[in-house]
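One-letter residues, chain by chain:
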Amino acid sequence: MKLAKRVEKLPPYLFVEISRKIAEKKAKGEDVVTFGIGDPDIPTPNHIIECMVQAAHAPANHRYPETEGLPDVRKAIAEWYEKRFGLTFDPAKEVLPLIGSKEGIGHMALCFIDPGDIALVPDPAYPVYSIGTMFAGGESYYMPLKEENNFLPDLDAIPDKIARKAKVMWLNYPNNPTSAVADLDFFERAVAFATKYEIPICHDGPYSEVAYDGYSPVSFLQAKGAKDIGVEFHSWSKTYNMTGWRIGMVVGNARMVDALMRVKSNLDSGIPQAIQFMGIHALRGPQDCIAQHNAIYQKRRDKLVATLNKIGLRCTPPRASLYIWARVPAGYTSAQFAAKLLDETAVVVTPGLGYGPSGEGYVRFSLTTPDDRVDLGIQRLEAWSKKQK
Ligand SMILES: *Cc1c(COP(=O)(O)O)cnc(C)c1O
C-alpha cells in the first residue's frame, strides 16, 4: 500500500514524545497537571444545552441538514456581528456556518491554492493554515511573529516576488499561541498590502470574546475595505465553551464565502440541525456567561503570570485569548524544557516549536485548566524552581 504524498508529508506529531511521557506517568499513578490543550474546562451554559435537547426531539432535525445552514442561523450570525461590531452582512451571501471553524479553515485552502501556489502563513500559528495549504498542493511562506514587533507580521519584509505569487494570507488575532492582539491600524495596513497585491485575507478570530481587564478586541472586518478582500472565521467554541459541539462561521466577502460553500457542498452536509438551534440560541440568548468565564480565566492568568515571572519564565499578561506565551530559560529548546518540566513536576505545557520555527524559545500555558489544578501546578512549579538553585 502506498499512501499519498500529502499524508506522507504530514509533519511528525510533535507531541508524540510528550503524550508518551504523560501516558507513562499516568500508568505509574502520577497525578499529571496539564496546561496543554486550549479547550475550555467550564461546561457549555445550561440554557444553551436545554435548547439543543428540545431540538433533538423534533423529527425535522433528524434529517440531512443543508450545507449552507438554516436561514435563521445565518441571520443570527449577521445580527451578532451587527450588535457586537456594528457591521452589516447579507445573511444569504456573506455568512456561512461551519462544522467548527477548523473545518472551514482547512477547506478554505482548496478555494485559493492550486499545486505550487504560495500561502502567506504566520509563524508560529494554529497548524491548520499550513497543513490545509499543503493538502491543496501549495507551499506556506512563513511570516515570523516576533516579540519585538508585538507578534505582528512585518508586511514590509515580505519579498515583492513572494507577494506577487501569494494566493491567500492567513492572520489570527487575538493570537494563538502568542496571545498577541491587533488593532484596526494593523488590519488596515494588512488590507492595503492585500489590495496592492490582490491577495485575499482570511482572518481567524475565535478569541474576540475572550479578553481581560475590560479590553474588547476589534474584528478584522471593521478595517476599511476588509470586506472587499477578506473574510473572518469565528466560532462558538471559545465564546460559549462549545468546542465539543462543532459549530463555527465565516463572514465577509461574498465571492470567498460562495467559493467555500461550493467546496463544502461537495464534501459535507452541514451542521446537525439541533446544534444549529443551539448556536442560534447562544448568539441571541443571555450573554453574561462570557464575562463570568473571562473573570475566571483572568484570575488564573494573574496567578500564573506572577509565578512564571518569579521562576524565570518571562511573560506578559495576555489582554485576550486563552494562552500565556512564556520564554523558556536559556540553555533549553522548547521541547527540552517542556520534557524537563513534565519529568520533574508532572506539569504539561506545549513546546512553542510545535506551532512553527519562530515558536522556538517559548512554551504555551493554556488557561483552560480548572482552578484547583492551576493552584496545584503553581505549587509544583514554585517548589521545583527552589530546587534549581
Ligand atoms: C480553537 C481555535 C480554532 C477553532 O475552533 P473550532 O472549534 O474548530 O471552531 C480556530 N483557530 C484558532 C486559532 C483556534 O485556537
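Residue numbering note: each chain is counted from 1, following its sequence as written. Note on the predicted model: pLDDT of at least 70 is required for a residue's local features to be given, and 80 or more for side-chain atom pairs to be given and counted; whole-chain, interface and lining totals, by contrast, use all residues. To obtain the side-chain values, all non-hydrogen atoms of the structure were included, while hydrogens and water were left out.

## Description of the domain arrangement of the protein
By a frequent convention, interface size equals the accessible area lost on bringing the separate parts together. Either an automatic procedure or a domain database provided the assignment from which the domain bounds are taken. Examined at the domain level, the protein breaks down into domain 1 (5-44 + 288-388) and domain 2 (46-284). Taking only C-alpha atoms, the centre of domain 1 and the centre of domain 2 are 26 Å apart. Two residues qualify as a contact provided that any one of their heavy atoms is within 4.5 Å of a heavy atom in the partner residue. Every contact between the two is made by 34 residues of domain 1 and, on the other side, 37 residues of domain 2. Here Arg327 and Glu147 are joined by a salt bridge, their closest N and O atoms 3.8 Å apart. Put simply, the parts of the chain that give the side of domain 1 that touches domain 2 at least two residues each are α12 (288-310), β9 (323-327) and β12 (362-366). Each helix corresponds to a stretch of at least 4 residues labelled H or I by DSSP, and each strand to a stretch of at least 2 residues labelled E; elements are numbered beginning at the N terminus. The greatest single-element share of the side of domain 1 that touches domain 2, amounting to seven residues, is contributed by α12. Each residue belonging to the side of domain 1 that touches domain 2 can be placed in one class, and the counts come to 17 nonpolar, nine polar and eight charged. One speaks of a salt bridge when a side-chain nitrogen belonging to Lys or Arg is within 4 Å of a carboxyl oxygen belonging to Asp or Glu. Put simply, Ala, Val, Leu, Ile, Met, Phe, Trp, Tyr, Cys and Pro go in the nonpolar bin, Asp, Glu, Lys and Arg in the charged bin, and everything else, Gly too, in the polar bin.

## Some remarks on helix α14 (residues 371-388)
Here the expected span of a helix is defined as 1.5 Å times the quantity of residues minus one. In a regular helix each residue adds 1.5 Å, so 18 residues correspond to 26 Å; α14 covers 26 Å between its end C-alpha atoms and thus fits that length. The set of residues buried in α14 consists of Val374, Gly377, Ile378, Arg380, Leu381, Trp384 and Ser385. The buried residues of α14 occupy an angular sector of 165 degrees when projected down its axis, which confines them to one face. Summarising the geometry of α14, the exposed residues directed more than 90 degrees from the buried face are Asp372, Gln379, Lys386 and Lys387. Lining the buried residues of α14 we find β1 (33-34), α12, α13 (334-345), β10 (347-348) and β12. Note on classification: 1.4 Å probe, protein chains only; a residue is buried when its accessible area is under 20% of the maximum for its type, exposed when over 50%, partly exposed between these limits. What the arc covers is the set of directions going from the helix axis to the C-beta atoms.

## Overview of the pattern of salt bridges
Here the structure, examined in full by the defined rule, presents 25 salt bridges. In this structure, Arg164 and Asp160 form a salt bridge, with 2.7 Å as the shortest nitrogen-oxygen distance. Of the two residues, Arg164 and Asp160 both sit in helix α7 (residues 160-165), four residues apart, roughly one turn of that helix. A relative accessible area of 36% means that Asp160 is categorised as partly exposed. Put simply, Asp72, Lys75, Glu79 and Arg284 are held in one network by salt bridges that share partners.

## Notes on the sheet that holds strand β7 (residues 230-235)
When DSSP finds at least two bridges between two strands, those strands are taken to pair. Reading across from one edge, β2-β8-β7-β6-β5-β3-β4 is the order of the seven strands in this open sheet, with mixed pairing throughout. Unpaired on one side and paired on the other, β2 (95-98) and β4 (139-144) mark the two borders of the sheet. In this sheet, adjacent strand axes meet at a mean angle of 25 degrees when their direction is disregarded. Both β7 and strand β8 (residues 248-252) contribute to a ladder of five bridges, which runs antiparallel. Paired with Val231 across the bridge in β8 is Gly252. Across the sheet, helix α4 (residues 71-85) lies against β2, β7 and β8, angled at about 110 degrees from β2, the strand it touches most. Angular values range over 0 to 180 degrees, each being the angle between N-to-C directions of two axes fitted as lines to C-alpha atoms, with helices fitted over their stretch in contact.

## Some points on the side chain of His293
Among the secondary structure elements, His293 is positioned in helix α12. The residues touching His293, leaving out its near neighbours within four places in the chain, are Ile42, Pro45 and Asn241.

## Observations concerning the layout of surface pockets
The method works on a 1 Å grid over the protein atoms by themselves. A cavity is a set of points holding a 1.4 Å probe that cannot get out, a pocket is an open set with protein on both sides within 12 Å along at least five of seven lines, and residues with an atom within 4 Å of a point line them. Grid points are joined across faces, edges and corners, and a volume is the space filled by probe spheres set on the points. Space inside the second largest pocket adds up to approximately 370 Å³. Along the walls of the second largest pocket sit 16 residues, with Phe151, Thr178, Ser179, Ala180 and Thr316 positioned nearest its centre. Within the lining of the second largest pocket, the residues separate by chemical class into eight nonpolar, four polar and four charged. In terms of domain composition, the lining of the second largest pocket takes at least three residues from each of domain 1 (5-44 + 288-388) and domain 2 (46-284).

## Focus: the packing of α12 against α14
At a closest axis distance of 10 Å, the pairing of α12 and α14 adopts a crossing angle of 5 degrees. One way to sum up the angle between α12 and α14 is to call them roughly parallel. Residues Ile296, Arg300, Lys303, Leu304, Thr307, Leu308 and Lys310 of α12 form the contact with α14, whose participating residues are Asp371, Val374, Asp375, Ile378, Leu381 and Glu382. Along the lines of polarity and charge, the residues of the contact of α12 with α14 split into six nonpolar, one polar and six charged. Under this scheme an angle from 65 to 115 degrees is roughly perpendicular, one under 35 degrees roughly parallel, and one over 145 degrees roughly antiparallel; angles in between are oblique.

## Description of the sheet that holds β9
Strands sit in the order β9-β12-β11 across an open sheet of three strands; the sheet is antiparallel. Among the strands making up the open sheet, the edge pair consists of β9 and β11 (350-351). Of the strand pairs in this sheet, β11 and β12 are connected by two bridges, and their pairing is antiparallel. Its bridge partner being in β12, Pro351 is matched across the sheet by Val363. Running at roughly 5 degrees to β9, α12 makes contact with β9 and β12 of the sheet.

## Side note on the nonpolar core
Residues grouped as a nonpolar core are buried Ala, Val, Leu, Ile, Met, Phe, Trp, Tyr and Cys residues, joined through side-chain atoms within 4.5 Å. In this structure, Tyr81, Leu120, Ile158, Met169, Phe193, Trp236 and Tyr240 are the most contacted members of the largest nonpolar core, which totals 62 residues. In terms of domain composition, this core takes at least three residues from each of domain 1 (5-44 + 288-388) and domain 2 (46-284). Other than its neighbours up to four places away in sequence, Met169 contacts Leu120, Met143, Leu155, Ile158, Phe193, Ile199, Pro200, Ile201 and Cys202. Within the second largest apolar cluster, 35 residues are counted, among which are Ile42, Val328, Phe337 and Val363.

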